[in-house]
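Letter by letter, the chains look like this.
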Amino acid sequence: VHAAILARLKELRAALEDSAWFREHELVGSSLLFAFDAANPSSSAGVWMIDFAHANPVSNRLSHREEWQPGNHEDGYLIGLDRLIEMWDKSLGSKVSDVVVDSLD
């Protein structure tokens, strides 16, 4: 699961870096949805972008890697994705049994 999610995050980053739509929109409040079957760890895992209610077109081209300043519309999306990939890559060697998941109930 770890390796599949890491690969998907890298695919997503590459697609966003090549996307004209992404360069022309700021994404405010969007999310990443992680999905996998915990009962069947050998099944596929995926990561998808969701929550585009506040995807706003902008007049300038965005890098999504520049620091936000008033009026520049930079949202840091790729900064966050780069950090997430780095974190996920570092944790790849961890065993699933080492990860503690808090219950919501």
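Just above sits the structure.
Calculation criteria
Residues numbered from 1 in each chain as written. Predicted model: local features only at pLDDT ≥ 70, side-chain atom pairs only at ≥ 80, totals over all residues. Heavy atoms only, no water. Helix = DSSP H or I, 4+ residues; strand = E, 2+ residues; numbered from the N terminus. Buried < 20%, exposed > 50% of the residue type's maximum accessible area, 1.4 Å probe, protein only. Contact = heavy atoms within 4.5 Å. Salt bridge = Lys/Arg side-chain N within 4 Å of Asp/Glu carboxyl O.

### A closer look at the overall build of the chain
The helix and strand tally for the chain stands at three helices and four strands. Element order for the chain, N to C, with α for helix and β for strand: α-α-β-β-β-β-α. By the burial criterion, 30% of the 105 residues in the chain qualify as buried. Across the chain, every contact between residues at least 6 apart in sequence was considered, and the portion connecting residues at least 24 apart equals 62%.

### Describing the pattern of salt bridges
Counted under the stated rule, the structure contains five salt bridges. For Arg8, the salt bridge is made with Glu11, and the minimal N-O distance between the two is 3.8 Å. One end of the pair is Arg8 and the other is Glu11, both in helix α1 (residues 2–18) and three residues apart, which spans about a single turn. Asp82 is the salt-bridge partner of Arg65, the closest N and O atoms lying 2.8 Å from each other. Separated by 17 residues along the polypeptide, Arg65 in the loop between β4 (55–57) and α3 (77–91) and Asp82 in helix α3 bring together distant segments of the chain. Residue Arg65 is classed as partly exposed on the basis of its relative accessible area, which comes to 35%.

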